[in-house]
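Below are the chains, spelled out letter by letter.
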Amino acid sequence: MAGGGSGNSLDLLPMVFARPKEAVSAARALLSDSPSAFDASVAHQAIGIYERDFGDVTASIVSLRRARDLARRSGSADRVVDVLGTLGAALVFAGRTRQGLATLGAALSSAEGPTAAQMRHRRAAAYWTLGRYAEAMADLRLAVPVFRAARDTIWLVRALSIRGTVRLAMGEAAAADLDFAEAERLCAETGQRVDMAMAVENRGLAAYRSGDVPAALGHFDEAARRYAELGTPMYVLHVERSGLLLMAGLAQDALGEADQAIRAIERARGQPIRRAELLLSAARAALAAGDPETSAVRAAEAAEIFTRQRRDWWRAQARLAHCQARFASGERTVRLLREAGTLAERLALNTTEAVPAGLLAGRVALALARPADADRALATAMRGRLTGPPLARAEGWLAYALRADALGHGAQALLGCRRGLELLDQYRLTLGATELRARATARGGELAALAQRINLRAGNTRRLLEWSERWRATTLAVPPARPPGNPELLRDLTAFREIHRRWETTRNTDLTRELRRLEGEIRARSYRTRSEGGTTGRFGARDLLAALGDRTLIEIIEVEGRLHALLCARGRVRRFPAGRARDALTELEHLRSALHHLSYRASRERLTLAETGGHRLQDLLLGAAARHLGAGPVVVVPPAGLHGVPWAVLPALRHRVHTAAPSADAWLRTLRAGPVPPSVVLVQGPGLAGGRDEVSALAAVHDGPAVLRQGRATADAVLAAMDGCGLAHLAAHGTFRSDNPMFSALHMDDGPLSAHDLERLRRAPRRIVLPSCDSARLEPVGADELLGLAAALLPLGTVGIVAAVVPVNDRAAVPLMLALHRALKDGGSMAGALYDARRRMPDDPSHQACALSFVAIGAA
């Protein structure tokens, strides 16, 4: 059979994309049965395709060269052309760009009709890999009509997939999605399982580039499941997922995704071309995670590989990442300016890609006091504000605002800040998960900070307050989109509690891995949740001043590392300079440590040291504003990083009613809430010293409270009891997770009750007391957002919280809680009741330290 094959052997080639492992097994079986040169060529080609796409690209080239030699021996010209096309693509994927394109060109020159169209498709895929999009589109314009006319569904699917991918790279997301949608429909007809997985992946890529994070995550997770069923690793998916996680503000997750794939591809000796792309993804993620040194190393290695592979567009992206890392490390040099400017020009063909390069060049030029260079670079970058997805356009508006500010046009700069934040609002409100919404605000941090600087220079304190509120605690304004009855979420949360309860007694390694897996599943489910809508209300200083009455509100803001106290009272907003933010954070840690030690090793000397620290912290946080508080209650609104302050330690607040709030707008919303229902729920968690006595004493204060004692205090029972109640008191140990704040939890009989669980409530308790551990601690994320137990409750309707910001002595807290509840029973607010309870504490250091460790949050 010199010129032909068995007929069945050609079925191996489509089988590689439908059932890859089965195809490889069949190919090897064929080779063991003394096949003809034609059939052996097909078998080696099938194995080479599998190795190219799913394994060792070096081995793939060996297999495909063997297939080429056998094809020539068979005498079939079509067989030779087909193998050359596959081999050319493999050579490009291996980084042998010139040799690969020459091989593809040779295949095309010998082909006609549908075979020529197939070669053009393969060359287009190579051009896309190399970032040569115009050449890829030229080949596809000729190939797609041929496949349509021939009704060749399999090749049409592949051509549509490549064309959509190229269109995405050229910024044409809507057109790309049409191609992917058609490919997905056609895949259902062909039974090509690998092509179907790729179609699902591509739909995710289109959603990702359009800024639809929940849809993109859903598609990517489904594609990953399909690839796993096929046993086929897909490194491009890891590149895409890393980029998506980075866009969602999950920098550490993005870095982990890229690093894990890099290790896998190195173990498998996989495609060098994909390893370089993963290195670039890791460089971008490391920079966003605050590690510019690692970012620079990864970016430099990626750029070197792209250079060897002659992938100019990719090399420009890697060089840009390297320049951004150097800038983040503090480099401000003419050399860096020139490199960034050259990259902006190189990437200017795609407006979206030119924006970050132009922004970098503009920032460097501003730092070097070179206004002409800054103006030119920012003018290039600001063109991105007009087209593309919201996130890219917001960066364009940032460039517009920076340029206007540099030119002294304050009003135009504020317009740019406003437009940019409005676009980010649009994006943020598409996210259903609280964590994603909070982390997404990081992208608007520079816009908000620029607006603050402009208003600070202008001396307009009301506008300064309004702009400080514009991007503060925005996540708490909209409830999370979490259906209370989601069965998959309920299943995972229940499993997490059970495994955690077993893990606490054994610390078993297998259980640790299972806990991490379940955490990942729960987070992934929350990330895929779509938003149920929502609006971003506009805060006005006039409304706040009218609502304050005899109260004083102090909003502490940070501008370029300095703190300022904005004192709002009696129809005015006044600004008082305070200390450095980093000094305040250092002093706060010393103070929290002192209070913690006092709870367990109390002494008068330690208490005096803590009180002295309170004086120092007050000067750093409030400055001279501490002397102008008036006689009424005080509301304190700190920046996110300072929400762990035990405010009663500050001398100006110790002997007055005061409360804290994540933002002035959040406080206003709690102030306007309706009356508090009379129902009371008391919960006693396991292992709490004095817990039984505490709950029994509190039960005697109230009329007919619902009491869940240890043994009955399961997570589901507690959630059911406190859903919509007027006051809930949860006497339970807790754990604060700074690494994963949505898994901060209170310990119930059957395991942890986390922030994820609290978001299942239809209506949160109107008031809640969290008396144990540091249950009021919140993790600052994003621009000025908070995550944690207390933060999970506020958007669900809780209007008043009393909780500890420092781990406290359980027994010392009992008399404080009893006094607090008696004051609440008499009709006091949470802040007023806590103030009364503090005054009734014994004078010994242990009880005083405990009383100082609690804060009130909200207005009720």
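Residues numbered from 1 in each chain as written. Predicted model: local features only at pLDDT ≥ 70, side-chain atom pairs only at ≥ 80, totals over all residues. Heavy atoms only, no water.

In terms of burial, strand 8 (residues 727-731) is largely enclosed, as five of its five residues are buried. Every second residue of strand 8 is oriented toward a common face, with Leu727, His729 and Ala731 on one face and Ala728 and Leu730 on the other, all of them buried. Note: strand 6 (residues 680-684) against strand 8, five bridges, orientation parallel. By the bridge assignment for strand 8, Leu682 is matched with His729. Pairing between strand 8 and strand 12 (residues 767-770): three bridges, direction parallel. Its bridge partner lying in strand 12, Leu727 is registered against Arg767. (Buried < 20%, exposed > 50% of the residue type's maximum accessible area, 1.4 Å probe, protein only. Helix = DSSP H or I, 4+ residues; strand = E, 2+ residues; numbered from the N terminus. Pairing = 2+ DSSP bridges.)

On to helix 30 (residues 604-622), then. Spanning 19 residues, helix 30 covers 27 Å between terminal C-alpha atoms, matching the ideal 27 Å at 1.5 Å per step. Buried positions along helix 30 lie against strand 1 (552-559), strand 2 (562-569), strand 3 (572-580), helix 29 (581-600), helix 31 (651-654) and helix 39 (845-852). Just downstream of helix 30 lies Gly623, where phi reads positive at about 55 degrees. (Expected span 1.5 Å × (residues − 1). Contact = heavy atoms within 4.5 Å.)

With their axes 11 Å apart at the nearest point, helix 12 (residues 213-230) and helix 13 (residues 235-247) run at an angle of 155 degrees to one another. With respect to helix 13, the axis of helix 12 lies roughly antiparallel. For the pair helix 12 and helix 13, the sense of crossing is left-handed. Contact residues: helix 12 offers Val213, Ala216, Leu217, Phe220, Asp221, Ala223, Ala224 and Tyr227, while helix 13 offers Leu237, Glu240, Arg241, Leu244, Leu245 and Met247. Classifying every residue of the contact of helix 12 with helix 13 gives eleven nonpolar, no polar and three charged. (Axes fitted to C-alpha atoms, helices over the stretch in contact; angles between N-to-C directions. Parallel < 35°, antiparallel > 145°, perpendicular 65-115°, else oblique. Left-handed = near helix turned anticlockwise from the far one by under 90°. Nonpolar A, V, L, I, M, F, W, Y, C, P; charged D, E, K, R; others polar.)

With that settled, consider the packing of helix 37 (residues 810-825) against helix 39. At their nearest, the axes of helix 37 and helix 39 sit 9 Å apart, and the two run at 65 degrees to each other. In this view, helix 37 runs roughly perpendicular relative to helix 39, as classed from their interaxial angle. Our pair here, helix 37 against helix 39, has a crossing hand that is right-handed. Taking contact as the criterion, the partners of Ala812, Ala813, Pro815 and Leu816 in helix 37 are, on helix 39, Ser846, His847, Cys850 and Ala851. Split by residue class, the contact of helix 37 with helix 39 holds six nonpolar, two polar and no charged.

As a further point, take helix 12. Helix length check: helix 12 (18 residues) gives 26 Å between terminal C-alpha atoms against 26 Å at 1.5 Å per residue, within 8%. For helix 12, the N-terminal cap is Asp212; the gap from its side-chain oxygen to the backbone nitrogen of Ala215 is 3.3 Å. (Polar contact = N/O pair within 3.5 Å; in protein donor to acceptor, adjacent residues only side chain to side chain.)

Bringing unusual backbone geometry into the picture now. The backbone of Ser34 shows a phi angle near 50 degrees, a positive value even though the residue is not glycine. Along the polypeptide, Ser34 turns up in the loop between helix 2 (20-31) and helix 3 (37-54). Owing to a relative accessible area of 71%, Ser34 belongs among the exposed residues under this scheme. Residue Arg570 is not a glycine yet carries a positive backbone phi of 50 degrees. Within the secondary structure, Arg570 is located in the loop between strand 2 and strand 3. The class for Arg570 is exposed, based on a relative accessible area of 53%.

The next thing to look at is the sheet that holds strand 11 (residues 751-754). Judged by pairing direction, the sheet is antiparallel, and its three strands sit side by side in the order 9-10-11 without closing on themselves. For this open sheet the edge positions go to strand 9 (734-735) and strand 11, each flanked by a neighbour on one side alone. Here four bridges tie strand 10 (residues 745-748) to strand 11, and the two strands are oriented antiparallel to one another. Note on strand 11: the bridge partner recorded for Leu746 is Leu753. Its contacts with the sheet put helix 26 (residues 487-506) on strand 10 and strand 11, and the angle it makes with strand 11 is roughly 135 degrees.

The next point concerns the nonpolar core. Within the largest apolar cluster, 140 residues are counted, with the highest numbers of intra-cluster contacts made by Val166, Val213, Leu244, Leu359, Tyr427 and Leu436. With 79 residues, the next largest nonpolar core counts Ala581, Leu622, Ala660 and Val718 among its residues. (Core = buried A, V, L, I, M, F, W, Y, C linked by side-chain atoms within 4.5 Å.)

What follows concerns the side chain of Glu587. Tracing the sequence through the fold places Glu587 in helix 29. Note on Glu587: relative accessible area 12%, which makes it buried. Only 3.1 Å separates the side chain of Glu587 from the side chain of Arg616, close enough to count as a polar contact. Once residues lying within four places of it in the same chain are set aside, the contact partners of Glu587 are Gly613, Arg616, Leu617 and Leu620.

There is a patch of like positive charges on the surface, built from Arg418, Arg419, Arg463 and Arg538. With respect to the helices and strands, the residue Arg419 is situated in helix 22 (residues 410-428). For Arg419, a relative accessible area of 38% puts it in the partly exposed group. (Patch = residues over 30% accessible without salt bridge, like charges linked within 9 Å, V, L, I, M, F, W, Y side chains within 5 Å. Areas by Shrake-Rupley, 256 points an atom, 1.4 Å probe, with all protein chains shown as cover. Salt bridge = Lys/Arg side-chain N within 4 Å of Asp/Glu carboxyl O. Lys, Arg positive; Asp, Glu negative; His and termini not counted. Charge placed at Lys NZ, Arg CZ, Asp CG, Glu CD.)

As a further point, take the side chain of Glu339. Assignment of secondary structure puts Glu339 in helix 18 (residues 334-346). Residues within four places of Glu339 in sequence aside, it is in contact with Cys323 and Arg326.

It is worth spelling out the packing of aromatic side chains at this point. Throughout the structure, instances matching the rule amount to six aromatic pairs. Ring geometry for Phe147 and Trp155: centres 5.9 Å apart, planes at 25 degrees, overall stacked. Trp155 matches Phe147 in its accessibility class, with the two residues each being buried. Members of the aromatic cluster, each reached through a chain of ring pairs, are Tyr133, Phe306, Trp313 and Trp314. Across from the ring centre of Tyr208, 5.6 Å away, lies the NZ or CZ of Arg209, which sits over that ring. The ring of Trp503 carries the charged tip of Arg507 above its face, separated from the ring centre by 4.0 Å. (Phe/Tyr/Trp six-rings, centres within 6.5 Å; stacked < 30°, edge-to-face > 60°. Lys NZ or Arg CZ within 6 Å of the ring centre and 35° of its normal.)

Our focus in this paragraph is the pairing of strand 15 (residues 800-804). Of all the five residues making up strand 15, five are buried; the element is thus mostly covered by neighbouring parts of the structure. Two strands pair when backbone bridges link them, and strand 12 and strand 15 are joined in this way by four bridges, in the parallel orientation. Bridge pairing in strand 15 links Ile768 to Ile801. As paired elements, strand 15 and strand 16 (residues 854-858) share five bridges and run antiparallel to each other. Bridge assignment links Ala803 to a residue of strand 16, and that residue is Val855.

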